[in-house]
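# Structural characterization, general
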Amino acid sequence: EKVLVTGCNGYIALHVLDILLSEGYHVIGTARSEGKGDKVKNSFAKLYPPAKLDVEVVTDISQPGAFDAVFKKYPDLQHVVHMAANFSFGSDQSNEETYLIPSTEGTKSILNTVVQLGPKVKTFVQTSSFAAIRNEHNKTSVHTEATWNPVTWEQARTTSLQSYCASKKLAEKLGWDFVQQHASQVKFNYTAVCPPYVLGPQMFGWGLDGEKLNTSAQIVNDAVNSTPSSKGPFDSPSALTADVRDVALLHMLPLRSEKLAGQRLIPVAGASLAKPNYDDGRFNPQRILDVINARFPELKGKIAAGNIEDNKKVLDKSYHYNTDLTCKLTGVEFKSFETTVVDSVKQILEHRRDK
Ligand code: NDP
C-alpha cells in the first residue's frame, strides 16, 4: 500500500517513515529540496534495503495544486499523512507567512488535491497538536479529545508562539470542516493526531548534527549541555509531553484501524488504560534535569541541578488532562517520561563520543 507523508525529513516524520517502512508500506515523502530528500532516502536505504521509499520535492505547500504533480505520478496512493508545518521560531517573515498561512492553505491544498486526484485514498491523518486542544486560560480544567483551543487568527497573529498554536488549531478545524462540507466527494477517513511537546531520540544520529535541534528536542539537548552554574529558569516551558516513537505510532494506526476514523488522538507520556498516570505527562526543564541527574552519574556535577524545591507544585499548575479515550481506542501504553529522557540522553552522549 502506498502512503504519502508530507515534510518527510522532519524529526517526527522520520520515525513515522521508520514504522511504515518496517511494516512494508511503500512511502512517498515530500520535502522542500532534493538534498533533504536524498538524505532521508540514503539513510533508510541502509536500514531497510531495498527501502520502498521515494521522495518528491514540493517547495511551497501553500499554493493551490502544490500536490497535484505528486498525485498524478502516484494515482494509487491509499493513505496521506500530512505533517509538514513550521515548528521553529526566529523567522524573518511575519507570523502569518511563517505559521498561519502555510498550515491552513497547505491543509486546504492537499485536501482539495486528494478529492480531485486521489480516488484510492482511504485514510487522511492530519498532524495537529495539543496546541489545538489546550486552553491556556483554564489549564486546570480537564483537557480531553473533545477540547478546543479558543484562540483566533486575529488574537494570535502578533506573537510567534500564539501564531504557531493558532495555525495548528485552525488547520485541524479546517480539516474537519472540509470533510463535512465535501461529504459527498470525501471517500477517506480523517483522523487528527494532537501531540504535546514531542521529546525522544532522533531517528538517525545526524539529527543531532545541527547547531539547534527541532524546538522540542532541543529542550533535552539544552539540559545535557547545561553547566552547574546555569541558572534557568527551569520552570518553562511547563507543558505536556509525549515520546516521539509513540507519536509516530499513532500516525500509523489509523491506516490499519477503522475505529480511529473521525477521532482526535492525544499521545501523552505515561498514559495507559491499565495504569493511568496523569502526572507523568507534565514536564518542565527541571524535571528533565532531575531524570538526568538521577540516571546518569557521569553527568552529575557537570550539568545544572536546577533550583526548584517543590517541582510537583509547579507542574500541577500545568495542563490537566484525561486521555483515556485515546488509550482505549489505540491500545497503546505510552512510554514514561523517564524512558523518553533516558533514551534521548543516551543518544546525545553516544553522538558526542563518536565525534
Ligand atoms: P520539524 O521541524 O523537524 O519538521 C517539520 C517538517 O515540516 C520539515 O520537513 C519541514 O521542512 C516542513 N516544513 C516546515 N515549514 C514548512 C512549510 N512552510 N512548507 C512546507 N514544509 C514545511 O518538526 P516536527 O517533526 O517536530 O514537526 C512535525 C509536525 O508535528 C508539524 O506539523 C508540527 O506542527 C507537529 N507537532 C510537533 C510537535 C513537537 O513537539 N515537535 C508537537 C505537536 C505537533 P524543512 O526541513 O524544509 O524546514
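Residue numbers restart at each chain and count upward from 1, following the sequence in its written direction. For this predicted model, a pLDDT threshold of at least 70 governs which residues receive local features, and a threshold of 80 or more governs which side-chain atom pairs are given and counted, while totals over whole chains, interfaces and linings are taken from all residues. Working from all heavy atoms in the structure, the side-chain values ignore hydrogens and water.

Read from one edge to the other, the open sheet built from 7 strands follows the order 3-2-1-4-5-7-10, with strand pairing classed as parallel. The open sheet has two edge strands, strand 3 (53-57) and strand 10 (264-265), and neither has a second partner. One bridge is not enough; two strands pair if DSSP finds at least two bridges between them. The helix count covers DSSP runs of H or I at least four residues long, the strand count covers runs of E at least two residues long, and both are numbered beginning at the N terminus. With 4 bridges joining them, strand 1 (residues 2-6) and strand 2 (residues 26-31) adopt parallel strand pairing. The residue bridging Leu4 from the neighbouring strand is Ile28, located in strand 2. On the sheet, helix 1 (residues 11-22) packs against strand 1, strand 2 and strand 3 and is oriented at approximately 170 degrees with respect to strand 1. The contact rule is simple, with two residues in contact once any of their heavy atoms fall within 4.5 Å. In this analysis, axes come from line fits to C-alpha atoms, helices being fitted only over the stretch in contact, and the angle between any two N-to-C directions falls in the range 0 to 180 degrees. In this fold helix 4 (residues 95-117) packs onto strand 1, strand 4 (79-82) and strand 5 (123-127), with an angle of close to 175 degrees to the strand it touches most, strand 4.

What follows covers the pattern of salt bridges. Here, a salt bridge means any side-chain nitrogen of Lys or Arg that lies within 4 Å of a carboxyl oxygen of Asp or Glu. The tally for this structure, following the rule as stated, stands at 19 salt bridges. Two residues, Lys2 and Asp76, come together in a salt bridge whose shortest N-O distance is 2.8 Å. Within this pair, whereas Lys2 is found in strand 1, its partner Asp76 is found in the loop between helix 3 (68-73) and strand 4, the two being separated by 74 residues in sequence. A relative accessible area of 18% places Lys2 in the buried class. For every residue, the accessible area (1.4 Å probe, protein chains only) is compared with the maximum for its type, and the residue is labelled buried under 20%, exposed over 50%, or partly exposed between those bounds. Judged by relative accessible area, Asp76 falls into the partly exposed class, the value being 31%.

On to the site of the ligand, then. Nearness here has a simple test: a residue counts as near a molecule or strand if at least one of its heavy atoms is within 4 Å of that partner. Of all residues adjacent to the ligand, which total 25 residues, the nearest are Asn9, Lys36, Met83, Tyr164 and Asn214. At a separation of 2.8 Å, an oxygen atom of the ligand approaches a polar backbone atom of Tyr11. Between N or O atoms, a polar contact is any pair within 3.5 Å; within protein, one atom must be a potential hydrogen donor and the other a potential acceptor, and residues adjacent in sequence are included only when both atoms are from side chains. Within the side chain of Ser216, an N or O atom sits 3.0 Å from a nitrogen atom of the ligand. When the ligand is considered free in solution it has 890 Å² of accessible area, and contact with the protein chains removes 89% of it. At the level of secondary structure, the elements contributing two or more residues to the shell around the ligand comprise helix 1, helix 6 (160-181) and strand 8 (197-199). Gly is put with the polar residues, along with every residue not named as nonpolar or charged; the nonpolar set is Ala, Val, Leu, Ile, Met, Phe, Trp, Tyr, Cys and Pro, and the charged set is Asp, Glu, Lys and Arg. Each residue belonging to the shell around the ligand can be placed in one class, and the counts come to 13 nonpolar, 9 polar and 3 charged. Residue burial considers only the protein chains on display, and all accessible areas are found by Shrake-Rupley using a 1.4 Å probe.

Further remarks concern the pairing of strand 1. Summarising burial for strand 1: 5 of the 5 residues are buried, a large majority. Of the two faces of strand 1, the one holding Lys2, Leu4 and Thr6 and the one holding Val3 and Val5 are both buried throughout. Read from strand 1 through helix 1 to strand 2, the crossover connection turns out right-handed. Note that strand 1 and strand 4 share 4 bridges and pair parallel. Within strand 4, the position partnered with Val5 by the bridge is Val81. If the strands point away from the viewer and the path from the first strand over the helix to the second runs clockwise, then the crossover is right-handed.

On to the sheet that holds strand 11 (residues 282-283), then. Pairing is mixed in the open sheet, where 3 strands are placed in the order 8-9-11. Single-partner strands in this sheet number two, and they are strand 8 and strand 11. Sheet analysis places strand 9 (residues 239-243) next to strand 11, joined by 2 bridges and oriented antiparallel. Residue pairing for strand 11: Leu240 is matched across the bridge by Arg282.

A helix is expected to reach a length of 1.5 Å times the quantity of its residues less one. If you check helix 4, its first and last C-alpha atoms are 31 Å apart, about what 23 residues at 1.5 Å a residue would give, namely 33 Å. Here the bend at a residue is taken as the angle between two axes, fitted respectively to the seven residues that end there and the seven that start there. Considering bend angle alone, the principal kink of helix 4 is centred on Ile101 and spans about 40 degrees; proline Pro102 follows within four residues of it.

The rule is short: rings of Phe, Tyr and Trp, with Trp giving its six-membered ring, pair when the centres are within 6.5 Å, and they are stacked under 30 degrees, edge-to-face over 60, tilted in between. Tallying each qualifying case throughout the model produces 16 aromatic pairs. For the pair Phe89 and Tyr164, a centre-to-centre distance of 6.2 Å together with 80 degrees between the ring planes defines the contact as edge-to-face. Residue Phe89 is located in the loop between strand 4 and helix 4, and its partner Tyr164 is located in helix 6; the two are separated by 75 residues in the primary sequence. What makes Tyr164 buried here is its relative accessible area of 10%. Plain terms: the ring middles of Phe130 and Tyr319 are 5.6 Å apart, the flat faces sit at 75 degrees to each other, and that makes the pair edge-to-face. Pair noted here: Phe130 is in the loop between strand 5 and strand 6 (142-143) and Tyr319 is in the loop between helix 10 (311-316) and strand 12 (320-321), with a separation of 189 residues, a long-range link.

By themselves these figures say nothing about function.
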